[in-house]
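Residue-level structure breakdown
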Amino acid sequence: MFDRDIWQEIFHSIKNNKLRTFLTGFSVAWAIFILVMLLGSVNGMKNGFTGQFADDANNSIIIRTGSTSIAYAGFEADRRIQLRNDDVEYISKSFPKDVEYITPIMNKGASTRYKSETGSYTIRAVNPEHLFIDKTKITEGRYINDNDLYKSAKVAVIGKRIVEDLYKKDSALGSFLEVNGLPFKVVGIFEEDGRDDNAERTIFAPITTMQRIYGQTDEVNQISLTYNPNFDLTEALNFSERIENLLKRRHKVAPDDQAAVRVFNYAQFFSDISNFTSGMGMMSIIVGALILLAGVVGIGNIMVFIIKERTKEIGVRKALGAKPWQIIKLVLLESVFTTVLAGFLGMLFASLILAAIGPNIDTPAFSNPSVSISTVLTATIILVVSGVLAGLIPSIKAANVKPIVALSDK
Amino acid sequence: MIEIKDLHKSYKMGSNSLHVLKGINFTVEDGELVAIMGSSGSGKSTLLNILGMLDGADSGEYTLDGVPIKNLSETKAAEYRNKFLGFVFQSFNLINYKSALENVALPLYYQKVPRKERQEKAMQYLDRVGLKPWANHLPSELSGGQKQRVAIARAMAAEPKVLLADEPTGALDSTTSYEVMDLIQKINDDGNTILVVTHEEDIAHMCKRIVHLKDGIIVEDKKIEQVRAGQYV
Ligand SMILES: Nc1ncnc2c1ncn2[C@@H]1O[C@H](COP(=O)(O)OP(=O)(O)O)[C@@H](O)[C@H]1O
Ligand SMILES: [Mg+2]
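Below, the structure is looked at part by part. (Residues numbered from 1 in each chain as written. Chains lettered and ligands numbered in written order. Predicted model: local features only at pLDDT ≥ 70, side-chain atom pairs only at ≥ 80, totals over all residues. Heavy atoms only, no water.)

Section: the overall build of chain B
Here is the rule: Each helix is a run of DSSP H or I of at least 4 residues and each strand a run of E of at least 2, with the numbering of both proceeding from the N terminus. A simple rule labels every residue: compare its accessible area, found with a 1.4 Å probe on the protein chains alone, to the largest value its type can have, and call it buried under 20%, exposed over 50%, or partly exposed in between. Any pair of residues with heavy atoms lying within 4.5 Å of one another is described as a contacting pair. Note on areas: Shrake-Rupley with a 1.4 Å probe; residue coverage comes only from the protein chains shown.
Scanning chain B from N- to C-terminus turns up seven helices and 10 strands. With 233 residues in all, chain B has 54% of them scored as buried. In chain B, once contacts between residues fewer than 6 apart in sequence are set aside, the share between residues at least 24 apart is 70%. Counting every atom, chain B has about 10,000 Å² of accessible surface; 47% of that belongs to carbon and sulfur.

Topic: the nonpolar core
Put simply, the rule reads: What is meant by a nonpolar core is a set of buried Ala, Val, Leu, Ile, Met, Phe, Trp, Tyr and Cys residues, joined one to another through side-chain atoms within 4.5 Å.
Ranked by size, the top nonpolar core spans 74 residues in total, and within it Ile2, Ile4, Leu47, Leu51, Leu64 and Leu195 of chain B carry the most contacts. Ranked by the residues each element gives to this core, the list is headed by helix H11 (residues 324-357) of chain A, at eight residues. Filtering out sequence-adjacent residues up to four positions away, Leu195 of chain B remains in contact with Ile2, Phe26, Val28, Val34, Ile36, Leu48, Leu51, Val162, Leu163, Leu164 and Ala165 of chain B. Ile91, Ala125, Leu166 and Met210 of chain A belong to the second largest nonpolar core, which has 47 residues in total.

Examining the site of ligand 1
All names here are of chain B. Definition in use: Proximity criterion: a residue is near a molecule or strand once any of its heavy atoms comes within 4 Å of it. Whenever two N or O atoms come within 3.5 Å, that pair is a polar contact, provided that in protein one can donate a hydrogen and the other can accept it, and provided that, for residues adjacent in sequence, both atoms are side-chain atoms.
Around ligand 1, a shell composed of Tyr11, Met13, Leu18, Val20, Ser39, Ser40, Gly41, Ser42, Gly43, Lys44, Ser45 and Thr46 is seen. Here an oxygen atom of ligand 1 and a backbone polar atom of Gly41 are 2.7 Å apart. With respect to ligand 1, the side chain of Thr46 contributes an N or O atom lying 2.5 Å from an oxygen atom. Its free accessible area being 560 Å², ligand 1 has 67% of it covered by the protein chains. Looking at the shell around ligand 1, the elements that each hand over two or more residues are strand E1 (2-13), strand E2 (16-28) and helix H1 (44-51). Sort the elements by how many residues they give to the shell around ligand 1 and H1 lands first, with three residues.

Structural notes on the pairing of strand E6 (residues 155-159) of chain A
All names here are of chain A. Going by this rule: We call two strands paired when DSSP finds no fewer than two bridges between them.
In terms of burial, E6 is largely enclosed, as five of its five residues are buried. Burial along E6 is two-sided: Val155, Val157 and Gly159 facing one way and Ala156 and Ile158 facing the other are all buried. As defined by bridge partners, E6 adjoins strand E8 (residues 182-191) across five bridges and the pair is classed as parallel. Note on E8: the bridge partner recorded for Ala156 is Val186. For E6 and strand E9 (residues 202-206), the ladder comprises two bridges, and the chain directions are antiparallel. Within the sheet, the bridge partner assigned to Ile158 lies in E9 and is Ile203.

Here we look at the sheet that holds strand E10 (residues 217-223) of chain B
Residues and elements named next belong to chain B. For clarity, the cut-off: Lines fitted to the C-alpha atoms define the axes, with helices restricted to the stretch that makes contact. Angles between their N-to-C directions range from 0 to 180 degrees.
The sheet built from six strands is open, its strands ordered E6-E7-E8-E3-E9-E10 with mixed pairing. Taken across any chain shown, the strands that pair with only one partner, and hence form the sheet edges, are strand E6 (85-88) and E10. On average, each strand axis in the sheet is inclined to that of its neighbour by 15 degrees, with strand direction left out of account. Note: strand E9 (residues 209-214) against E10, six bridges, orientation antiparallel. Looking at E10, one finds that Leu213 is bridged to Ile218. Along the sheet, helix H5 (residues 144-157) contacts E6 and strand E7 (162-166); its crossing angle with E6, the most-contacted strand, is approximately 170 degrees.

Description of the pattern of salt bridges
Pairing is possible between side chains of opposite charge, provided their charged atoms come close. Filter applied, for reference: Between Lys or Arg on one side and Asp or Glu on the other, a salt bridge is scored when a side-chain nitrogen of the former is within 4 Å of a carboxyl oxygen of the latter.
Overall, the coordinates contain 29 salt bridges over all chains when judged by the stated rule. Between Arg84 of chain A and Glu219 of chain A there is a salt bridge, and its shortest N-O distance comes to 3.9 Å. With a gap of 135 residues between them, Arg84 of chain A in strand E2 (residues 83-84) and Glu219 of chain A in strand E10 (residues 219-220) connect regions that are remote in the sequence. One salt bridge in this structure joins Glu159 of chain B and Lys121 of chain B, with 3.7 Å as the shortest N-O distance. Pair noted here: Glu159 of chain B is in the loop between H5 and E7 and Lys121 of chain B is in helix H4 (residues 115-128), with a separation of 38 residues, a long-range link. Among the charged side chains, a salt-bridge network with shared partners connects Arg310, Glu313, Arg317 and Glu334 of chain A.

Some thoughts on the packing of aromatic side chains
Under the convention used in this document: Pairing of aromatic side chains requires ring centres within 6.5 Å, counting the rings of Phe and Tyr and the six-membered ring of Trp. Pairs whose planes differ by under 30 degrees are stacked, by over 60 edge-to-face, and all others tilted. Counted as over-ring charges are cases with an Arg CZ or a Lys NZ within 6 Å of the ring centre that also lie within 35 degrees of the ring normal.
Tallying each qualifying case throughout the model produces 20 aromatic pairs over all chains. Between Phe87 of chain B and Phe89 of chain B, the aromatic rings sit 5.9 Å apart at their centres with planes inclined by 5 degrees, giving stacked as the arrangement. Residue classification places Phe87 of chain B among the buried residues on the basis of a relative accessible area of 6%. Among the residues examined, Phe89 of chain B registers a relative accessible area of 11% and is labelled buried. Over the aromatic face of Phe75 of chain A sits the side chain of Arg79 of chain A, whose NZ or CZ is 4.1 Å from the ring centroid.

Structural notes on helix H9 (residues 266-309) of chain A
Each full turn of the α-helix corresponds to 3.6 residues, which orients residues three or four apart in the same direction. Put simply, the rule is: Helix span, as expected, comes to 1.5 Å for every residue beyond the first.
With 44 residues, H9 of chain A should reach 64 Å at 1.5 Å per residue; the first-to-last C-alpha distance of 63 Å fits that figure. Between the side-chain oxygen at the start of H9 of chain A and the backbone nitrogen of Ala267 of chain A there is a gap of 2.9 Å, and the oxygen is on Asn265 of chain A.

What to know about the pairing of E7 of chain B
Looking along a regular strand, one sees side chains alternate from face to face of the sheet. All names here are of chain B. This is how the line gets drawn: Look down the strands so they point away from you; if the path from the first strand over the helix to the second goes clockwise, the crossover is right-handed.
Burial of E7 is extensive: five of the five residues sit out of reach of the surface. Side-chain alternation along E7 places Val162, Leu164 and Asp166 on one buried face and Leu163 and Ala165 on a second face that is also buried. Bridge analysis of E6 against E7 gives four bridges, and the strand direction is parallel. Of the residues in E7, the one forming a bridge with Gly86 is Leu163. Judged from the five bridges that link them, E7 and strand E8 (residues 193-197) form a sheet pairing that is parallel. Paired with Val162 across the two strands is Thr193, which belongs to E8. Running through helix H6 (residues 174-189), the crossover from E7 to the neighbouring parallel element E8 is right-handed.

Things to note about the interface of chain B and chain A
Applied cut-off: The term buried area means the drop in 1.4 Å probe accessible area that two parts suffer when joined, counted for both and summed. Amino acid classes used here: Ala, Val, Leu, Ile, Met, Phe, Trp, Tyr, Cys and Pro are nonpolar; Asp, Glu, Lys and Arg are charged; the rest, including Gly, are polar.
Across the contact, 26 residues belong to chain B and 26 residues belong to chain A. Here chain B and chain A share an interface that buries about 2,600 Å² over both sides, 55% of which is from carbon and sulfur atoms. Linking chain B to chain A there are two salt bridges. Across the pair Glu74 of chain B and Lys318 of chain A runs a salt bridge, and its minimum N-O distance is 3.4 Å. At the junction of chain B and chain A, the tally comes to seven residue pairs in polar contact (both at pLDDT 80 or more). For the side of chain B that touches chain A, the secondary structure elements donating two or more residues are helix H2 (74-84), helix H3 (100-110) and H4 of chain B. Per element, the largest residue contribution to the side of chain B that touches chain A is six residues, and it comes from H2 of chain B. When the residues that make up the side of chain B that touches chain A are grouped by side-chain class, the tally is 10 nonpolar, six polar and 10 charged.

The values reported here are purely geometric and, on their own, carry no functional implication.
As structure tokens, this is what we get:
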């Protein structure tokens, strides 16, 4: 294997038969190129999907309500179910060990003005725990605190984009922002990790303040919570089911009513995405393997052709004393060498393309396509094996060439 | 050196069988230069191929330098060919992408001679056939006579016990043919055993013995007065 002479023979043979080496190599290089690009693209999709939700805690649950779709417990269908403050308390009391953070949420449109600059945003009323559920990053000042909540203070934590929109030279922190005609004191500025720009066009305010402004209500639009981060997928899904059942019982909703109480678990979503992308991964491996197989068959064909072309040479070598295994080695090593070299070139080329364009691609559905070391290693092993397979049958055939047949001048 | 007894060989062609060698008996001593003559299709090449272990006989005995040649595995046959035999063919059979020197060195490679020694030895044999200046040329850059001389150098480089030449001059004009025969005679003068298959009278008479083959048997086997090729060159 590491005999210098045989490699010299192989290089010689390759050098003097450039076209056939190119043809052999091209099919493999192409197959590997496609395989790596496919796997890279699947990674890109995965990165795209997961990156979109990077700003939210993965262990979060969102609860919303609607109208009943089924008559139940003496009520007719189409009854509106309203979440209220006491639902929040009820949930945290029912699952004291399982709930990590919980907040009511109320969303309103916000016509906003600072001096002469105006804009329309969303005002989101929350309690202080929302900070941890939304993974909000405070860059200046502070978030809503318990004191604000207690005093129903008109304070606001605003997104970076709003600062950019409305504040020219002035410092936003400590200023008064007019929201729907009422002045709110800006106590904090935040940033979001996710790619959703609109997230930074949000104004956070204490839930108590908003409920007071909007008619002394205790209604909320939504409840967000995070659960014990140690839950696995089954436990997480089981937990959302428990919450759903609890709320349905509390609001007298039929157990099979899908519309009235809706519990959305991110774990479910992430599991769906990862199922989807791993399914895509499997698909691309299968497609890649088929392409590779076609490449291997192609090499096999070319090798058979090469042996035909080299029959005379092989006959001469045998007449000069080449043993069958020496012929096998010669043909096989050439095939493996060509396959591996070509494969590496294909892999290198694909990796370079991914490395060059990957980081520049950043869309919600597709981001930073790339391949891992393990993918590359797997591909390498596949290459060597396919090189051996492609060369094996033709080389055994070559070794069995009868010298007299090969040397006959006919 | 060579001893064959009652050698038979037939080729199967579908349902027919062509009986080519029908009981050949002959012996070749060390240092002989034997011409095997006969018309085309008389079985000369078949005999030479069996002697060269490139093909097997159907029946009969064959002993080469005291070693019985029978039921050889491919590997063993390759080993014996490499150790005992040198081949020269009508169509030269040089490897076209290797230089003259590399062609000559090839049997030494299969003898596992270290590369440096291999190169030196190959060069030495090329020099003996007068082609040292052509060492790095490809076969395509050589004339027919030169190619055959490279082939002879290659056959001799392995220092075989017997040199087998199948119509070595068959593809050459007469002047070149005599040059090649001159070379073969000189190699024989050094004590090497050589068998030359030919159907040309003049070439046969440059050997020391003529074995005449007809219809698969030896019809004549005589020692002759050797005509030196050197006088025509
Ligand atoms: N491999 C083969 N298969 C079938 N017939 C063959 C084969 N080799 C030679 N023959 C036949 O055997 C006969 C002798 O051939 P050969 O030994 O090549 O004759 P020569 O060399 O004297 O011209 C010829 O009729 C030829 O057609
Ligand atoms: Mg013949």
